[in-house]
Structure formats: C-alpha cells, structure tokens
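Residue-level structure breakdown
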Amino acid sequence: MLTPHFGANMSHVGSNGVVPVFLIVDDHAEGRALLARLLRLQFPEAHIVEVASGMAALACVVETAPDLILLDAMMPDLDGFETCRQLKAQPASASVPVLMVSAILTDTENRVSGLASGADSYICKPFENDELIAQVIALLRIRRNELVLRAQQRALEEELERRRRMERELIEARQTAENAAQAKSEFLANMSHELRTPMNGVIGLTDVLLDTELTAEQRDLANTIKTSGETLLAVINDILDFSKIESGKLELESRPFKLRDLILHALNLIQRQASSKALALFWEIEPRTPPQVLGDEIRLRQILSNLLSNAIKFTERGEVRIRVAYCDLDNHHGELQFAVSDTGIGIPRDKMNRLFRSFSQVDTSTTRQYGGTGLGLAISKQLAELMGGRMWVESEVGRGSTFHFTIRARVPQTGEQTGLAAQAALSGRRVLLLDADAGSSERLAALLTSWEMKPIHGGTSLELIDALLLRQQPAPEALLLDEFVLRAARPEEVAALHRWQAAQGGALVLLRSAEVSHTTVPDVAPLLVAAQISRPLSASSLFNILTRVLAPGGAQAEAGMGTPSGPLAHQHPLRILLAEDNPVNQKVATRMLERMGYQATIASTGADVLAALRQQAYDLILMDLQMPVLDGLQATRQIRDEFPSAHQPYIIALTASALIGDRDKCLAAGMNDYLRKPIRELDLRAALGRCPRLAGTKTIPPAA
Ligand code: ADP
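The rules behind the values
- Residues numbered from 1 in each chain as written.
- Predicted model: local features only at pLDDT ≥ 70, side-chain atom pairs only at ≥ 80, totals over all residues.
- Heavy atoms only, no water.
- Helix = DSSP H or I, 4+ residues; strand = E, 2+ residues; numbered from the N terminus.
- Phe/Tyr/Trp six-rings, centres within 6.5 Å; stacked < 30°, edge-to-face > 60°.
- Buried < 20%, exposed > 50% of the residue type's maximum accessible area, 1.4 Å probe, protein only.
- Core = buried A, V, L, I, M, F, W, Y, C linked by side-chain atoms within 4.5 Å.
- Contact = heavy atoms within 4.5 Å.
- Lys, Arg positive; Asp, Glu negative; His and termini not counted.
- Salt bridge = Lys/Arg side-chain N within 4 Å of Asp/Glu carboxyl O.

**Looking at unusual backbone geometry**
Look at the link from Lys125 to Pro126: it is a cis peptide, with omega at -5 degrees. A positive phi angle is found at Ala65, which is not glycine, with a value near 50 degrees. Within the element layout of this structure, Ala65 appears in the loop between α2 (54–64) and β3 (68–72).

Here you go:
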C-alpha cells in the first residue's frame, strides 16, 4: 500500500514539471520489470526507460534526461558504484538523483561505498514497495526543488547579466554625454573666441577710423558700423549665455556687493537711452533691505539691465521705475525682490506665457519695430532661477508692464563686509558734482553718499562753481566734471576752476561721454585733469579712481595719466610687448597704442615673447591667451619662473574667450590684469595707467 501522504500530488512531477522520467539500470530483466511496474502504478504517465548495463546508462543519460536513476549496484563489467561515479562526473547527469537498489546494500561497507560514489540514497532488496515509492517521491521532491532553485538561479544570473549590461550601457551613455558636454563646452569656448576675434577687428578698427578725418556722411556710416558691431556682440553674448545655461555650464559667483551700487550702475548703463526718450528714471530700495549681500553681482546686473533696456525700448513716454524689497528667510538668508516697471505699450494677456521662452517675441511686427533676439527674458528668467528665485510679469496693454523677479541672497557676516576698509578712505570727503544731466547727477550723488562721501550738487552755473569751490568752507577736494559742462563753460568759469585747483590742489575727474570721447578731446588747459572716466559709469571704476585721486598726492600723481591734453605715453612711458598672433588684432592693438603715443614690439607666439624678454626688458606685456607654440598662460608661467623679480613685466591678458573662470585662470598663472576682446580703448588706457614702470636694464639675464 502506498503512503497516502505521497499520493497523487507528486504523480505529475518531472524535470519538465509535468511527468517524471525514470531511468532504470539493472542487468536483470525481472528487477527492471518490478521497478517499472511499481513506478507505473504510482506515476501512470511517467516516462520509463530501462537499460541493462552501466555502459548503456552512461550512453543514454543525455538523451533521456531522467529525473531519477534507479541503479542496481551489482552488475557485470561496470558495477553500480563505478556507473554512479561516472554519471556524477558528467555535467549532464551530475545533478540527477541516483537511488541505488541492491541486495548487497545490507552491508554497511557497500552502503558507504554507494553513498561515496555519489548515490543520493539507497534501498536494500528485497524492499517494501511503499518504501521504494516513498524514496522515489522524496528524491523527486529534492529534484524538483533543485530544478526550481536552478531556474531561479538562472533567472537571477540573467537578471544580473541584464543589469551588468545596463550598467555598462549607462556608463557608456554617461561617457558619451560627458564627451558631448565637453565637446559642447569646447565648442562654446572656441566659438566665443572665433566670433569675438573678428568683432575685435570690426569694433576696434571702427574706433580707429572714427578718430581720423571723416566727412559727416562717412562718420555717420562708421558710427552705424560700430553700433551694429556692438549689437552683434551683444547677440553673440546672449547666445553664448543661453547655451551655457542650457548645458549647465554657467557657474555663479558669490561675492559681497552693495545693492545700491548695483542699482545705480544698472541705471547708469541705460541713462542715455532714457534721456534720449525723455523718460524719467526712478529707483527705490526698501529701508529694511541689507545694504550689502553675497551673490553674483554681474549676473544680477545682467538681469536688471535686460529688464531696464526692455522697459525703455517698449516705452515712449512716462517713466521707468526699479524697486527692491527684502524678505528675511532665516538668520543670514533672505529673498531679494526686484520689480522693474514701465508705462509703455504693455503685453497682451494671451502672449504673456510666451515671453520667457527662448527666441520668443510678442509679435513679429513688434520685432521689426524694436529689434532684439527674444533671448533676453529667457536668459534673465533662467538666471533668476539659478539664483534660487523666479520671474513673472504683470502687464496691461497700453498702460505698461512690471517684471518681477526674486533671488535668494546671503547677508554677509561682519567679517565678510569686504571693501568697507577701502571705503574708509572716501568717508567724509567732499566732492562737487557738475553734471549736465540732473537725473544722472542725482544718482551719482546717491552713489557717493553710499560711500559716505559728502557730495555737493545741483547746479552748473559760474556762481555756483565760484561759490562752491572757493567760498564753501572747507572747499571740495574733488570735482566730478561732465565734459559737456566743460565744453559749455565760459572762460571765466574755467578760470574759477583753475583758481580752485591752484589754491586747493583739488582733483578734477572728467566724466566723459563714451560717444564723443574718441572724436574730440575738450580743451582743458590750463586745468589739470587727475583722471577721466567714461560713461556709462561703472561704480567700481569710479570708486577706484576716487580712492586713487584722493590719496595723498593722488591728484598730482594721477594728473599725468589719461589727461586728454597729451598722449598718455608722454606722461607714462612704457616699453610694451604685444603678444598676439592674429594680424587684425595686432593692428587694432597697435593702432590704439599708437593713439596713446606708444610703439609696441610685436611677438606672435609665447616662444617669441620669451626670446624678446631675453633681449630687452619690457614694462608691460599685452598677452593674448591663445597663441601657437606656447600659449599665453604657459608663457606667463615661464616668465614668472625664469626672470628675476626685479625685472618681472606687468602682464595684461587679452582674451576673446568669455568663459567663467578665465579671469581666475589668468591671475593664477601670474598675470596682473585681464582685458576682454573686443578691447575698448578706454579700458586699455585705464589698464595701462595701472601698469607700473620697471627700472629695467637693457638686457635681463634669466635667473640661474
Ligand atoms: P528681445 O531681445 O526681443 O527684447 P526679450 O526676451 O528681452 O527679447 O523680450 C521678448 C519680448 O517680450 C520682446 O520682444 C517684447 O515683445 C516683449 N517685452 C519684453 N519686455 C517688455 C516690456 N517692458 N514691455 C512690453 N513688451 C515687452
């Protein structure tokens, strides 16, 4: 009788999961028949293969693929033990359970040998049928479990392999993406360089051209070329910025800056556009706003300039207003809220959502009327988001628009309030402002007040000059004089200024209009100009100039530099080496230098620079970054290593690249200053003014 426990539930189990396959190996036919009959009874659908020898079993086992081998121990030629050993040695049958069936297994030694040869179990003849079947079922269960485990293992291995493959593919994909990003950023760097290099020629040489004798028509045409060049450069910069943001390459700086300076600087940049349309400019900063915050001043100014120039572009009459508010978030963080509003054409409600998309403009007829790329707002919005804020617009057609944006900013701790020490030098100093434009004068005065200076402003008449300069006690120490006021001054006014200078040794800083500064130089004789600064005014340049000219002896020391009354080279002679491989750029720089009275020696590679320095000392090298053989950075490092410190030239980088970090790279390589192409003559002039002269000998021996 069969044990009910092993009943029908196992009757259908086999390696294929449906019916079992048995291989019976016995040299006696009756033995085989008995086993087959018992198996058939229990597993009616089983597939049963019978063979009469160990050799035959080995020969058929692969093809049969049994789930269980019932193996007689005593057989001629190859006995059960050896057969079992060989079966277990073959990969195809190694895991098939073997049940040894024999009369000799009553002997312990034989049972041990049987198990040692690899049999999974044994049963002695004569056996109870139930026991045999119970053994078969137990071994089939083990077989089934093993098969399940093996299937799971295979599935796991496949899964593992799939994951490994995916991981390999991911690594490859990441590598490809990194290569692509690298290629894109290199492409950007190259494109930036390639586009800016010819722009340097176009803008730089137009400046040179504008300084020659031209008819009114020629001057008008040349001015148009210059304006178009500058517009094109702005577009190139926009596209580069946009691609940098898209590729995640835009890094933001975090430095302390003053909000008021930022606002005034941004307003200064658009001052002329606004006054040409007679638009009033207003600004207000909520009183609780911290005066100084940490963030990326340049990028913030970029957003503001963008919004302000749009506001002016799309407003025919009325005003443009900028408001700043602040909201504390936690201890040292807060949200700065900016709003730029205008009284212009406004934006239809259904067009508002399109505004911040790249290359999008409200409509094409507007485009034709106003120009632009449709990138400014897209860039501004993304910049605001990169700074942890957002941007949105409120507008009504015909009434005007307000562009809002926020950024997160950190309020510097006491130790981080950099620049404040330098400010002490300006604190309490009296400055007279004579500016032809009242709005600009107001803002300039606010800027000076923010540096704790004491500005006097509000008029330009002779009486005022006379009263303020001579009768005001104590008299102003510096005068910021608009060149238009100077041009319009009557001789007695100039004489009043001269008396003030002679009596006080006061510093005169000329505020020059960028548009005319290349063409005609106002006749300032007999005044001594300590420094000049061109519009749009940069708060930091003005700060530096005032700090310099108000330093003891500064007014006189500076007076020689940059006075429009004579070439800079006469007051500040320098031996200049121009390291530049591009012939157009060579021409731009040499012509600009010639106009300041300098004759530069030209080197076309870094190697030529080193050779030239070994021949003769130079006070200054204007060093292009990308040059064949030895680039500007390598050449600078070599110069800093090779030459004794007393003969080290001042090195100014000239670069057409606009990637973040370039400036730091230049300074880290040992350069002293950095000019971005296209070079502007005023920037070059200011940079030359900062360059000290070497007490150099004719030939400098390289350091040992
Ligand atoms: P664009 O270079 O064309 O000015 P922007 O992205 O700065 O590009 O602006 C996109 C469009 O949004 C503009 O062409 C204009 O149609 C609209 N726009 C932007 N600012 C104003 C504004 N202050 N008033 C009215 N329309 C504006």
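What follows continues from the structure just given.
**Remarks on the environment of Gln532**
Checked against the element boundaries, Gln532 lands in strand β17 (residues 529–534). Spatially, the C-alpha atoms of Gln532 and Leu480 are 9.1 Å apart, while their sequence positions differ by 52 residues.

**Topic: the packing of aromatic side chains**
In this description, an aromatic ring pair is defined by two values, namely the gap between the centres and the angle between the planes. Considering all chains together, one arrives at four aromatic pairs under this definition. Note on Phe22 and Phe43: the rings are 5.3 Å apart at their centroids and 45 degrees apart in plane angle, and the pair reads as tilted. Remark: Phe43 occurs in the loop between α1 (29–42) and β2 (47–51) and Phe22 occurs in strand β1 (residues 21–25); sequence separation between them is 21 residues. Assessed through its relative accessible area of 0%, Phe22 is described here as buried. On the basis of relative accessible area, Phe43 is assigned to the buried category, the value being 0%. Plain terms: the ring middles of Phe338 and Phe405 are 4.7 Å apart, the flat faces sit at 5 degrees to each other, and that makes the pair stacked. Taken together, the positions of Phe338 in strand β10 (residues 333–342) and Phe405 in strand β12 (residues 400–410) put the pair 67 residues apart, joining distant regions of the chain.

**Some remarks on the nonpolar core**
Counting residues in each nonpolar core, the largest one holds 46 residues, and the members touching the most others are Leu304, Leu336, Phe338 and Phe405. Contributing elements (two or more residues each) for this core: α6 (216–246), α7 (259–276), α8 (297–313), β9 (319–328), β10, α10 (376–386), β11 (391–396) and β12. In this structure Phe338 touches Leu259, Ile263, Leu300, Leu304, Arg323, Val324, Phe403, His404, Phe405 and Ile407, once residues within four positions along its chain are discounted. Counting residues in each nonpolar core, the second largest holds 27 residues, with Ala445, Ala478, Leu542 and Ile545 among its members.

**Notes on the side chain of Arg443**
Of note, Arg443 is situated in helix α12 (residues 438–450). Among buried Asp, Glu, Lys and Arg side chains, Arg443 stands out as unpaired, with Asp437 the closest opposite charge at 5.3 Å. Sequence-distant contacts of Arg443, defined by excluding residues within four places in its chain, comprise Leu264, Leu267, Asn268, Gln271, Leu281 and Trp283.

**Description of the pattern of salt bridges**
Counted according to the given criterion, the structure contains 27 salt bridges. Residue Glu178 is joined to Arg174 by a salt bridge in which the shortest nitrogen-to-oxygen separation is 3.8 Å. Within this pair, Glu178 and its partner Arg174 are both found in helix α5 (residues 129–210), separated by four residues, close to a single helical turn. Overall, Glu178 belongs to the partly exposed group, its relative accessible area being 43%. When its relative accessible area of 53% is taken as the criterion, Arg174 is described as exposed. Its salt-bridge partner being Glu477, residue Arg429 comes within 2.8 Å of it at the nearest N-O pair. Of the two residues, Arg429 sits in the loop between α11 (420–424) and β13 (430–434) while Glu477 sits in the loop between α13 (462–471) and β15 (478–482), which places them 48 residues apart along the sequence. In the salt-bridge network here, residues are joined through shared partners; they are Glu159, Arg162 and Arg163.

That's the geometry; what it means functionally is another story.
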